[in-house]
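Remarks on the overall topology
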Amino acid sequence: MYRGDRRRKEDARKAKQEAKKARKAERKETGESGPEMGEAAEALGQGAAEWVWFSPSKGRTLTTSSAEEPNVPGVDDWTLVSRPPAPQS
């Protein structure tokens, strides 16, 4: 790895850590807590339904937005690993 790459990665890591500390200090000042797990996923747009499929022959997973088996050339052994949670009433 080149010296410039290491320095850039270290600078990015430090900036990320400082931003995290700033958010934590801001929450402490306002008396708020961090986002709950469900709230964070919804805020990032991850609240949509997702089905996760696994292909043993290829050793790979694939996420789809529908319950239909993925159509990938050369792979026909998809196994459904997880489905979206059932809606709560």
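To start, this report covers the structure provided alongside it. (Residues numbered from 1 in each chain as written. Predicted model: local features only at pLDDT ≥ 70, side-chain atom pairs only at ≥ 80, totals over all residues. Heavy atoms only, no water.)

1. Examining the sheet that holds strand β2 (residues 60-64)
Stated formally: At least two bridges found by DSSP between two strands are what make those strands a pair. The secondary structure listing takes helices from DSSP runs of H or I that are at least 4 residues long and strands from runs of E that are at least 2 residues long, numbered from the N terminus. Here, axes are lines fitted to C-alpha atoms. For helices the fit covers the stretch in contact, and angles between N-to-C directions go from 0 to 180 degrees.
Here we have three strands laid out as an open sheet, ordered β2-β1-β3, and antiparallel in their pairing. Every interior strand has two partners, whereas the edge strands, β2 and β3 (79-82), have only one. Each adjacent strand pair in this sheet contributes to an overall mean axis angle of 35 degrees, direction not counted. As defined by bridge partners, strand β1 (residues 51-55) adjoins β2 across five bridges and the pair is classed as antiparallel. Residue pairing across strands places serine 55 opposite arginine 60, the latter belonging to β2.

2. Digging into helix α1 (residues 3-30)
Defined as follows: To estimate how far a helix should extend, the number of its residues minus one is multiplied by 1.5 Å.
The terminal C-alpha atoms of α1 lie 41 Å apart, and with 28 residues this matches the ideal 40 Å at 1.5 Å per residue to within 8%. Of the residues flanking the end of α1, it is glycine 31, one or two places downstream, whose phi is positive at about 80 degrees.

3. Examining the pattern of salt bridges
Our working definition: Here a salt bridge means any side-chain nitrogen of Lys or Arg lying within 4 Å of a carboxyl oxygen belonging to Asp or Glu.
Tallied over the entire structure, the rule returns two salt bridges. The partner of aspartate 5 in a salt bridge is arginine 8, with the nearest N and O atoms 2.8 Å apart. With aspartate 5 and arginine 8 both in helix α1 and three residues apart, this pair spans about one turn of that helix. Close ionic contact of arginine 13 with glutamate 10 constitutes a salt bridge, the shortest N to O distance being 2.6 Å. Linking arginine 13 with glutamate 10, this pair stays in helix α1, spanning three residues, or about one helical turn.

4. Observations regarding the environment of lysine 58
Stated precisely, the cut-off is as follows: Whether two residues touch is decided by their heavy atoms; if any such pair falls within 4.5 Å, the residues are in contact.
Within the element layout of this structure, lysine 58 appears in the loop between β1 and β2. Sequence separation of lysine 58 and tryptophan 78 is 20 residues, and the distance between their C-alpha atoms is 9.7 Å. Among residues more than four places away in sequence, those in contact with lysine 58 are Gly74 and Val75.

5. Quick look at the nonpolar core
Across soluble globular proteins, nonpolar side chains have a tendency to be buried as a group. The criterion, for reference: Residues enter a nonpolar core if they are buried and are Ala, Val, Leu, Ile, Met, Phe, Trp, Tyr or Cys, with the set joined through side-chain atoms within 4.5 Å. Throughout, exposure labels follow a simple rule: accessible area from a 1.4 Å probe, protein chains only, divided by the maximum for the residue type, with under 20% read as buried, over 50% as exposed, and the rest as partly exposed.
Ranked by size, the top nonpolar core spans five residues in total: Trp51, Trp53, Val72, Val75 and Trp78. The residues contacting tryptophan 51, other than those within four sequence positions of it, are Leu62, Thr63, Thr64, Ser65, Ser66, Ala67, Leu80, Ser82, Arg83 and Pro84.

6. Some remarks on a positive patch on the surface
The condition is simple: Patch membership is restricted to residues that have no salt bridge and whose relative accessible area is over 30%. Joining uses 9 Å for like charges and 5 Å for the nonpolar side chains Val, Leu, Ile, Met, Phe, Trp and Tyr. The Shrake-Rupley method, run with a 1.4 Å probe sphere, supplies the accessible areas, and residue values consider only the shown protein chains as cover. Only four residue types enter the tally: Lys and Arg on the positive side, Asp and Glu on the negative side, with His and both chain ends excluded. For charged residues, the charge sits on one atom: NZ in Lys, CZ in Arg, CG in Asp, CD in Glu.
Residues Lys16, Lys20, Arg23, Lys24 and Lys28 make up a contiguous surface patch of positive charge. Judged by relative accessible area, which is 47%, arginine 23 ranks as partly exposed.

7. A short note on the side chain of serine 55
Tracing the sequence through the fold places serine 55 in strand β1. A residue is classified by how much of its surface remains accessible, and serine 55, at 0% relative accessible area, is buried. Ignoring sequence-local partners within four residues, the contact set of serine 55 consists of Arg60, Val75, Asp77 and Trp78.

The quantities given are spatial measurements derived from coordinates; they are silent on function.
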